[in-house]
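The primary structure of each chain is shown beneath.
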Amino acid sequence: MPQRRDVSGVDTEDVSSVRVAAIGEPSADLLDRALVGWERFLSTLQGVSDE
């Protein structure tokens, strides 16, 4: 059972033993959506002048 600590008046649980699994690579769907968004962003810049 995790120990409880008092941090700045807030009672928290000690979760130092909990591990978070990191994602190695973004999914193909995420990359596709990012590319569509990037292309949409770039298309907004084509009409901007250098004034």
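Here, the structure is the one placed above.
Residues numbered from 1 in each chain as written. Predicted model: local features only at pLDDT ≥ 70, side-chain atom pairs only at ≥ 80, totals over all residues. Heavy atoms only, no water.

Along the backbone of the protein chain there are one helix and two strands. Along its sequence from the N terminus, the protein chain presents helices and strands in the succession β-β-α. Here the protein chain holds 51 residues, and the buried ones make up 0% of them. Within the structure as shown, the protein chain displays about 5200 Å² of accessible surface, and the carbon and sulfur contribution to it stands at 56%. (Helix = DSSP H or I, 4+ residues; strand = E, 2+ residues; numbered from the N terminus. Buried < 20%, exposed > 50% of the residue type's maximum accessible area, 1.4 Å probe, protein only. Areas by Shrake-Rupley, 256 points an atom, 1.4 Å probe, with all protein chains shown as cover.)

Tallied over the full model, the rule gives one salt bridge. In this structure, D29 engages R33 in a salt bridge whose closest nitrogen and oxygen atoms are separated by 3.5 Å. Separated by four residues within a single helix, D29 and R33 lie in helix α1 (residues 28–45), roughly one turn from each other. A relative accessible area of 55% places R33 in the exposed class. (Salt bridge = Lys/Arg side-chain N within 4 Å of Asp/Glu carboxyl O.)

Moving on, we get to the packing of aromatic side chains. For the structure shown, the criterion picks out one aromatic pair. Where W38 meets F41, the ring centres are 5.5 Å apart and the plane angle is 35 degrees; that geometry is what we call tilted. Placement of the pair is W38 and F41 together in helix α1, with a separation of three residues, close to one helical turn. (Phe/Tyr/Trp six-rings, centres within 6.5 Å; stacked < 30°, edge-to-face > 60°.)

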